[in-house]
Amino acid sequence: MTRPGADPLDITALYCRYGDLVLGRCRTLLRNEADAQDAVQEVFLKLHRYRDSFRGESSPSTFLFKIATTTCLNRIRTRKRRPEDPVEELPPAVEATDSVLDRLAVRDLVERLLAKQDERTQDCVVYHYVDGMTHDEVGDILGISGAAVRKRISTFRASLRDAPPPWLAEIEP
Amino acid sequence: MTHISTLKLHQLRYGELDAHARAPLDAHLAACAACAARLSHQDDTRAAFVRAPVPAAILPRPTWWERLGALRAALVLLPVLAAGLFVLRGVPTMGAPTVEAPTERLKGGRPLLEAWVQTADSARPLYTGERLRSGTRVQLKYDAGPHRFVTIAGRDARGTVEVYGTLHATGPGLTTAPFALTLDDTKGEQAFFAILTDTRPAPDAVQRALKQSPIRMEDSEIASVVLLKE
């Protein structure tokens, strides 16, 4: 029997299973451990709001990865609008990352993105360069075609033509 | 060389990929040190993550129905407790009633194993038969007495036994296990065991012992706590 008020979306269970995925994601994109921990909580509390779309997803890990990315990029955009806020660096213990790029390259990429690109292009570039997703995989997660992703990435690359960063040559020689 | 995406590495760790999807990733990991290191980094993050407590904001809060249930139980239990005390002692006593120790002993004359849960505000002991949701983090505390080793294990309703580890005992007195355990979504009884021995037991011997009924293992004391997962 279902009890009145019982919530079939067990956020604590999802946190225990996928919290490390979200934490790793937030640490990669944010430069501050406290900010990353806050973002993790924000992601799981957002699940209440996204419960209908969450149930439609085949993979909770994909859905949480997407929400975590959006949450982090929104935080970075807000921080960019309030540059007076101090930013503390991550401690050395969490300097390593599970992304394709190292942390310095991620920071450089995010700063270049925020300076010139629209939000959808920012999403495409982060999934492609930071996470190593193919164009089609990025398209699947964002709900657009692989060709549209390729076009946006090309636009971003063109913006770097004058002074290409070293990390770009490493991953796309 | 195209690397494995971060999300795919996570899904590989979680066992969410079928054999067809897994095969090329395993082959890539065998040949690519960078991706193997990224996977190892994810494992390290996971190991640290499971040792940290669940933030209070994410812990389940009781619904109005559950709060009502607790109130109803209190209303029913209070007269029963009062009557029980009256029968046992002849006169009602003031102050808090004696609480049964939150442990079930198979052998021995003192509490050997306790299970605790972290709530939004504090930690509290669990009682044998208490109902818990999946995702709840349980902290075990044991008293090894004179024994040298403590093996912590669990058995779920399907009879699956997991041996979480064997620890060097630190002598008599209640000791907190150095890890917490998160309840998975298997419904029904979940038993936790502390097997106290003087030599380090083989994991498969522990597995065999905990699958027997009644549970038996030579030269050991075994304590258990049984919870109900819903």
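Residues numbered from 1 in each chain as written. Chains lettered and ligands numbered in written order. Predicted model: local features only at pLDDT ≥ 70, side-chain atom pairs only at ≥ 80, totals over all residues.

### Side note on helix α3 (residues 33-51) of chain B
Side chains that are three or four residues apart share a direction in an α-helix, a result of its 3.6 residues per turn. Residues and elements named next belong to chain B. Spanning 19 residues, α3 covers 27 Å between terminal C-alpha atoms, matching the ideal 27 Å at 1.5 Å per step. What α3 keeps buried is the set C35, R38, L39 and T45. Seen along its axis, α3 keeps its buried residues to an arc of 115°; they face one direction. Turned more than 90 degrees from where α3 packs its buried face, A33, A37, S40, A47 and R51 sit exposed. (Helix = DSSP H or I, 4+ residues; strand = E, 2+ residues; numbered from the N terminus. Expected span 1.5 Å × (residues − 1). Buried ≥ 20, exposed ≤ 12 C-beta atoms within 10 Å, placed from the backbone. Arc of directions from axis to C-beta.)

### Concerning the packing of helix α6 (residues 119-130) of chain A against helix α7 (residues 135-142) of chain A
When two helices pack together, you describe them by how their axes are tilted relative to each other and by the distance separating the axes. Residue and element names in this part refer to chain A. Between α6 and α7, the shortest axis-to-axis distance is 9 Å and the interhelical angle comes to 130°. The angle between α6 and α7 places the two elements in the oblique class. The chirality of how α6 crosses α7 is right-handed. Contact residues: α6 offers D123, C124, Y127 and H128, while α7 offers V138, I141 and L142. Classifying every residue of the contact of α6 with α7 by side-chain character gives 5 nonpolar, 1 polar and 1 charged. (Axes fitted to C-alpha atoms, helices over the stretch in contact; angles between N-to-C directions. Parallel < 35°, antiparallel > 145°, perpendicular 65-115°, else oblique. Left-handed = near helix turned anticlockwise from the far one by under 90°. Contact = placed C-beta atoms within 7 Å. Nonpolar A, V, L, I, M, F, W, Y, C, P; charged D, E, K, R; others polar.)

### A closer look at the nonpolar core
Side chains that are nonpolar tend, in soluble globular proteins, to be buried together. Membership of the largest hydrophobic core comes to 43 residues, with the highest contact counts inside it found for V22, C26, V40, V43, L64, A68 and L109 of chain A. Of all the secondary-structure elements, those providing two or more residues to this core are α1 (11-29), α2 (33-46), α4 (60-81), α5 (103-116), α6, α7 and α8 (146-159) of chain A. When residues in this core are grouped by element, the largest group, 9 residues, is from α1 of chain A. Domain assignment of the residues forming this core places at least three in each of domain 1 (8-96) and domain 2 (99-173) of chain A. Discounting chain neighbours no more than four positions away, the residues touching L64 of chain A are Y18, L21, V22 and V43 of chain A. In this structure, L126, L140, A144 and A177 of chain B belong to the second largest nonpolar core, which totals 26 residues. (Core = buried A, V, L, I, M, F, W, Y, C linked by C-beta atoms within 7 Å. Domains from an automatic or database assignment.)

Spatial relationships are all this shows, so hold off on functional conclusions.
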